[in-house]
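Chain residues, written in single-letter form:
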Amino acid sequence: MKSRIAAVAGALTLATVGATAAGAAAPEQRPPTRSLYAPSALVLTLNDGATALSSAPQRAVTLTCAYAPAGTHPRPAGACDALQQADGRLSGLQDTGTSCTLDLRPVTVTLQGVWQGRRVDEARSFSNDCVRGAYGPLTSF
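The structure presented is a predicted model; accordingly, all values stated were derived computationally and were not measured.

Draft legend 1. Fine view of the pattern of salt bridges. In total, this model carries 1 salt bridge according to the counting rule given. Close ionic contact of Arg132 with Asp129 constitutes a salt bridge, the shortest N to O distance being 3.1 Å. Of this pair, Arg132 and Asp129 both sit in helix H3 (residues 129-133), 3 residues apart, roughly one helical turn. Given a relative accessible area of 7%, Arg132 falls into the buried group. Overall, Asp129 belongs to the partly exposed group, its relative accessible area being 43%.

Here it is, written out as C-alpha cells:
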C-alpha cells in the first residue's frame, strides 16, 4: 500500500513539475513586427576637398528616417524632411538662399545607404562650408 501511494505521489509530482516547467519554458511567441515602410538608414560623411576620394572623411553621422527620425545627425527630423523633399538624393537639395563668401575651400558630402528601399550612393561638392550649410539641415552636420 505504501509503495502504491509513493508511486502515485511520485507521478503527481512529476506531472506537476513537468507542467510547470513546460509553462515557464514556452514564453509567448510574437510574430516579428513588419513595417509598412521600406527601411531608410543612411550614413553621411564630410570630406575636405573637391571629391570624396581626395581626403579621408572628417566627420560622419548616421540618419534613420523610419517611424521617427533618429541617428547621430544633429537635426534628424529636419534632415529627413529635406531628404524626403529631395527624393532621397543630394542632387535634389535646393539652396536656401543663405549669403556666403566666395572663398574656395571645397568640401564634399557623401550619402550612402538605403532610402525607402532604394540603394543610394552619392556625393556632392560645395565650394566651402557656408555653401554646404546653405543647402539645409541634411548637409549641416
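The discussion continues.
Draft legend 2. Geometry of the packing of aromatic side chains. Using the criterion set out here, one finds 1 aromatic pair in the structure. Both rings, one in Phe126 and one in Tyr135, keep their centres 5.3 Å apart while their planes meet at 50 degrees; by these two values the pair is tilted. For Phe126, a relative accessible area of 3% corresponds to the buried category. Here Tyr135 falls in the buried class, since its relative accessible area comes to 16%.

Draft legend 3. Fine view of the sheet that holds strand S2 (residues 57-65). If you walk across this open sheet you meet the 5 strands as S3-S2-S1-S4-S5, and the pairing is antiparallel. Bordering the open sheet on either side are strand S3 (69-70) and strand S5 (118-126), each of which pairs with just one other strand. Both S2 and S3 contribute to a ladder of 2 bridges, which runs antiparallel. Counted as the bridge partner of Cys65 is Pro69 from S3. This element, helix H2 (residues 76-85), spans strand S1 (41-48), S2, S3 and strand S4 (107-115) of the sheet and lies at about 80 degrees to S2.

Draft legend 4. Fine view of the nonpolar core. Core analysis: the biggest nonpolar cluster contains 22 residues, and Leu44, Leu63 and Leu138 have the highest contact counts within it. Where this core is concerned, the elements lending two or more residues are S1, S2, H2, S4 and S5.

Draft legend 5. The state of the cysteines, seen in detail. Under the criterion given, the structure shown has 2 disulfides. A sulfur-sulfur distance of 1.9 Å marks the disulfide that ties Cys65 to Cys80. As the torsion about the S-S bond is roughly -85 degrees, the Cys65-Cys80 disulfide counts as left-handed. Residue Cys65 is located in strand S2, and its partner Cys80 is located in helix H2; the two are separated by 15 residues in the primary sequence. Classification of Cys80 by relative accessible area gives buried; the value is 8%.

Reading the values: rules and limits
- Residues numbered from 1 in each chain as written.
- Predicted model: local features only at pLDDT ≥ 70, side-chain atom pairs only at ≥ 80, totals over all residues.
- Heavy atoms only, no water.
- Salt bridge = Lys/Arg side-chain N within 4 Å of Asp/Glu carboxyl O.
- Helix = DSSP H or I, 4+ residues; strand = E, 2+ residues; numbered from the N terminus.
- Buried < 20%, exposed > 50% of the residue type's maximum accessible area, 1.4 Å probe, protein only.
- Phe/Tyr/Trp six-rings, centres within 6.5 Å; stacked < 30°, edge-to-face > 60°.
- Pairing = 2+ DSSP bridges.
- Contact = heavy atoms within 4.5 Å.
- Axes fitted to C-alpha atoms, helices over the stretch in contact; angles between N-to-C directions.
- Core = buried A, V, L, I, M, F, W, Y, C linked by side-chain atoms within 4.5 Å.
- Disulfide = S-S within 2.5 Å.

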